[in-house]
Structures are given as structure tokens and as C-alpha cells.
Amino acid sequence: MSVYKRNNRWYYYIKIRGARYRGAIPEARVKSQAMEAERKIRDQIFEGKYQTAQSKKASEKTLKEFVEGTYLPWARDAKRSWRNDQSRSKPILAHFGKMRLSEITPFDVERFKIARSKSKIIMGKDEPKERIRSKASVNREIALLSRIFSLAVSKKEVSSNPVKGVRFLKGEVRRKRYLLPEEEERLMAKITGHQLHLRLIVIVALNTGMRLREILKLRKTDVDFGREEILVTQTKTDKDRIIPMNETLRTELFNHISRLELEYLFANPKTGKPMVSVQRTFDTARRKAKIEDFRFHDLRHTAATRMGEAGIDPFTIAAILGHSKIDMTVSYTHATEAAKRRAVAALGEANEKQGHKVGHNPLSVMRLAGAK
């Protein structure tokens, strides 16, 4: 029932696509009046004009004012990935910026989702190409908008989060790109001269699966040659973890640290502080090596895939990568063609052992013998 009576007063309760709307109907005296009022409220919701008494008294801040004055400052202090929020907030502000927080409805969010899913991305400067924005990209923006409103609710700027009634786009395809052995050889061959610092960074990424930010924050004291392990701190999840070193990585790091005078393994020589990024240098080397559609973060996917291909269980891989959920690890571990062929070959070997050879069905033979 969408209307009900309590203590001689009528109330409405409406649920549309996961969003809940409730409140009192003070003007109603009988059920028919309450139902008529409820119908009008339902129409307002569908037209995007619905406001509760609480939201009418809410702050008159626009979304732009709240994001720039409250959310982003909070994100800088609370989130290591705040730069992602800053970047993803731009299309959100362009669409909603002038609207007050209290004015935005689930239907406004739906319209934003549809508009973004139909928008195109221009890639490349020399030869620009257009492509449809990925569902994953749109879903990340919707998730950010929800976090913004969650903070607004906690700050009592609005009474509810309009994004809660909006579903993510279905059919999101996770990225499945890893570095092939021949690509790795070409990439390393192009890292020369003033780019040599990138060589060791890539080696660390391929042999540990560490995030770029974690690698750039490494100190001498984080590398223990006695125990042959690396202590990873300042992680995305704020949980330290230990990664063992294989012989390749141990040798490379020992040679590097033995002649290093600064505290950080990968420091800016002018400031002594950790490098902020190597993205531009990496992209230059990638282009010279003629490796298409590859990002530095894909080295992490590569490490996970190679561990999975070697038969390492997902729980161990998750511990090395620092994942709190095993499903995230699965998305990072991709089945290579060679691994799939070995898996199918293993099935054939198992069938051979059990006598189930191709073209030889014991049950069929028994039936034929019975027929004779």
C-alpha cells in the first residue's frame, strides 16, 4: 500500500527503481484524499519536480559549489586516488554544475548516464580517431557522483542520494591487455639514454605486480636483501604488504641500491623526493617499440597473468597484488592462448588415461554388440 494512516494522519511511501520517497500528507482527511495526493506526488517524481519538506529546507548550494568547496578538498585528504576524482568530476560539473544539490533527481542522473554513454572520445593528435565512450568509464563517473551525494547527505546538505536508484550500465568489459614476451623485448630495447631509470621501474612492475605509485615510493629501507623481500607501504588500501624477490629482481635492485646515494630508489635528482610519474617517458618508449594500446598499469595485469599461467593460485596472487577481494584478482589474471592450449591438451591426456579416445565411445560399442 502506497498510503497508510498512523495516529489520525495519512502518509505516503513510494518506491521507484530502488529510490524511496516518503512523507506526511497533512491536508488529507480520508483515504481517497490521501490517494489523490499520492498520485500527484508520484507525477512530480516522474517529472523530476519532487522535493521533500526536508530537501526544501536544504542548502541552496549548487553541485559545482559543493564539489569544489567540500568534496574535492575532502578527497585530497582522505583518498590516494583523489586525482582520478578530480578528472572524472569535470563532465559531472559540466552537466550538473549549475543545478542545486536538492534539485537533482534520479531521472536527471539517468539522463546524464545516457548522454555520457552516447558521447564519443577523440584519440590521438596527429591522426585523431573517434570511439564510443566505454561503459566502464561511464560507470566510474556514476560511482563518483554517488560518492559526492553520500558526502552531501552526511554533511546534511541533502536528505537523500538520487544516484541510489540508478543502475550501472550492463555489459561492462574489463580490460584484458598484457605484455607479450616479444613486446617486452622490444620495449626494453627502446629504453635507453636518459630513460634508463624507467628500465628498472618496468622490471620491478613485471616481477612484483606493484602499482606505479607504490614503486615510486620505495625507499632503500623497504628492500631487505637478507630476507629477499620488499615491504610495500603507502598502498591504495592503506595496508602494508610483503612481496618476495625472485633472483632477477634481487640482482637488479642490489646493483641499483649499491650505488644509490638518495633515500628513495626512484628519486628526482634535484629534490631528492620520489618521482611523481613516468607516464610520458613510458609512452615514448612504448611508441618507439611500436606497442599499441598499452598502459603502464597493464604491467600489473601482465605480472598477474604470468603468475596465473605458472599455476599460482588466485589467493596467493591476491596477497602479492594487495587485493582485498578475489574477484578483482580474477579480473587481473587473463588466460593466454598458450595456457588455454595447455589446458585443452591436459583434458585430452585425462581422456586418454580414462580410455575415452576420440572416436571410441565404450557405451556405443556395448550397444552395437547388444544389437548384434
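The coordinates are above.
Heads up: these notes are all about the structure in this document. In this text the structure is predicted, and so the values were computed from the model without any measurement.

Topic: the overall build of the protein chain
Part 1 of the reasoning: Along the backbone of the protein chain there are 16 helices and 8 strands.
Part 2 of the reasoning: Restricting the contact set of the protein chain to residue pairs at least 6 apart, pairs at least 24 apart contribute 59%.

Quick word on the sheet that holds strand β3 (residues 19-25)
Part 1 of the reasoning: Pairing in this open sheet of 3 strands is antiparallel, and the strands run β1-β2-β3 from one edge to the other. Each edge of the sheet is formed by a strand with only one pairing partner; in this case those strands are β1 (3-6) and β3. The average angle at which neighbouring strand axes cross in this sheet is 25 degrees, direction not considered.
Part 2 of the reasoning: As judged from the 4 bridges shared by β1 and strand β2 (residues 9-16), these two strands associate in the antiparallel manner. In the strand pairing of β2, arginine 6 is matched with arginine 9.
Part 3 of the reasoning: Sitting on the sheet, helix α1 (residues 31-47) is in contact with β1, β2 and β3, with an inclination near 35 degrees to β2.

Some words on the pattern of salt bridges
Part 1 of the reasoning: Scanning all chains against the criterion turns up 22 salt bridges.
Part 2 of the reasoning: Two residues, glutamate 263 and arginine 219, come together in a salt bridge whose shortest N-O distance is 2.6 Å. Placement of glutamate 263 in the loop between α10 (247-257) and α11 (279-288) and of arginine 219 in the loop between α9 (212-216) and β6 (223-224) is noted, with a sequence separation of 44 residues between them.
Part 3 of the reasoning: For glutamate 263, a relative accessible area of 44% puts it in the partly exposed group.
Part 4 of the reasoning: Where salt bridges share partners, they join Glu36, Arg39 and Asp43 into one cluster.

Observations concerning a positive patch on the surface
Part 1 of the reasoning: Positive charge collects at one region of the surface, where Lys15, Arg20, Arg22 and Lys164 lie side by side.
Part 2 of the reasoning: By secondary structure assignment, the location of lysine 15 is in strand β2.

Brief notes about the pairing of strand β7 (residues 229-232)
Part 1 of the reasoning: A one-sided burial pattern is seen for β7, the buried positions being Ile230 and Val232 and the unburied ones Glu229 and Leu231.
Part 2 of the reasoning: Bridge analysis of β6 against β7 gives 2 bridges, and the strand direction is antiparallel. The partner of aspartate 224 across the bridge, within β7, is glutamate 229.
Part 3 of the reasoning: Count of turn residues in the β6/β7 antiparallel hairpin: 4 residues, of which glutamate 228 carries a positive phi of about 55 degrees.
Part 4 of the reasoning: With 4 bridges connecting them, β7 and strand β8 (residues 241-244) associate as antiparallel partners. From the neighbouring strand, valine 232 faces β8, where its bridge partner is arginine 241.

Concerning the packing of aromatic side chains
Part 1 of the reasoning: Within this structure, the stated rule accounts for 6 aromatic pairs.
Part 2 of the reasoning: Ring geometry for tyrosine 71 against tryptophan 74: centres 5.4 Å apart, planes inclined by 45 degrees, an arrangement best described as tilted. With tyrosine 71 and tryptophan 74 both in helix α3 (residues 63-78), this residue pair falls 3 residues apart, about one helical turn.
Part 3 of the reasoning: Exposure remark for tyrosine 71: the relative accessible area of 1% places this residue in the buried category.
Part 4 of the reasoning: The class for tryptophan 74 is partly exposed, based on a relative accessible area of 36%.

Some details on the packing of helix α4 (residues 82-96) against helix α5 (residues 106-118)
Part 1 of the reasoning: Where α4 contacts α5, the two axes come as close as 11 Å, and the packing angle between them is 125 degrees. With respect to their mutual orientation, α4 and α5 come out oblique. Judged by the twist between their axes, the crossing of α4 over α5 is right-handed. Contacts from Pro91, Ile92, His95 and Phe96 of α4 reach α5 at Asp108, Val109, Phe112 and Arg116.

So, the sheet that holds β7
Part 1 of the reasoning: An order of β6-β7-β8 is seen for the 3 strands of this open sheet, with the pairing classed as antiparallel. Every interior strand has two partners, whereas the edge strands, β6 and β8, have only one.

Overview of the nonpolar core
Part 1 of the reasoning: Within the largest apolar cluster, 42 residues are counted, with the highest numbers of intra-cluster contacts made by Val202, Leu253, Phe266, Phe296 and Leu299.
Part 2 of the reasoning: Those elements that place two or more of their residues in this core are α8 (196-208), α9, β7, α10, α11, α12 (298-309) and α13 (314-321).
Part 3 of the reasoning: The element that contributes the greatest number of residues to this core is α8, accounting for 8 residues.
Part 4 of the reasoning: Residues within four places of phenylalanine 266 in sequence aside, it is in contact with His197, Leu200, Ile201, Val204, Ile215, Leu216, His256, Lys273, Pro274 and Met275.
Part 5 of the reasoning: Counting residues in each nonpolar core, the second largest holds 25 residues, with Val67, Trp82, Ile142 and Leu151 among its members.

Topic: the packing of α8 against α12
Part 1 of the reasoning: Between α8 and α12, the shortest axis-to-axis distance is 7 Å and the interhelical angle comes to 40 degrees. Relative to α12, the element α8 lies oblique. Counted together, Val202, Ala205 and Leu206 of α8 and Leu299, Thr302, Ala303 and Arg306 of α12 form the full contact between these two elements.
Part 2 of the reasoning: By residue class, the composition of the contact of α8 with α12 is 5 nonpolar, 1 polar and 1 charged.

Some thoughts on α5
Part 1 of the reasoning: Along its 13 residues, α5 runs 19 Å from first to last C-alpha, staying within 8% of the 18 Å computed at 1.5 Å per residue.
Part 2 of the reasoning: Where α5 is concerned, the buried positions are Pro106, Phe107, Asp108, Val109, Glu110, Phe112, Lys113 and Arg116.
Part 3 of the reasoning: Buried residues along α5 sit in contact with β2, β3, α1, α4 and α6 (135-154).

Scoring rules and cut-offs
- Residues numbered from 1 in each chain as written.
- Predicted model: local features only at pLDDT ≥ 70, side-chain atom pairs only at ≥ 80, totals over all residues.
- Heavy atoms only, no water.
- Helix = DSSP H or I, 4+ residues; strand = E, 2+ residues; numbered from the N terminus.
- Contact = heavy atoms within 4.5 Å.
- Pairing = 2+ DSSP bridges.
- Axes fitted to C-alpha atoms, helices over the stretch in contact; angles between N-to-C directions.
- Salt bridge = Lys/Arg side-chain N within 4 Å of Asp/Glu carboxyl O.
- Buried < 20%, exposed > 50% of the residue type's maximum accessible area, 1.4 Å probe, protein only.
- Patch = residues over 30% accessible without salt bridge, like charges linked within 9 Å, V, L, I, M, F, W, Y side chains within 5 Å.
- Areas by Shrake-Rupley, 256 points an atom, 1.4 Å probe, with all protein chains shown as cover.
- Lys, Arg positive; Asp, Glu negative; His and termini not counted.
- Charge placed at Lys NZ, Arg CZ, Asp CG, Glu CD.
- Phe/Tyr/Trp six-rings, centres within 6.5 Å; stacked < 30°, edge-to-face > 60°.
- Parallel < 35°, antiparallel > 145°, perpendicular 65-115°, else oblique.
- Left-handed = near helix turned anticlockwise from the far one by under 90°.
- Core = buried A, V, L, I, M, F, W, Y, C linked by side-chain atoms within 4.5 Å.
- Nonpolar A, V, L, I, M, F, W, Y, C, P; charged D, E, K, R; others polar.
- Expected span 1.5 Å × (residues − 1).

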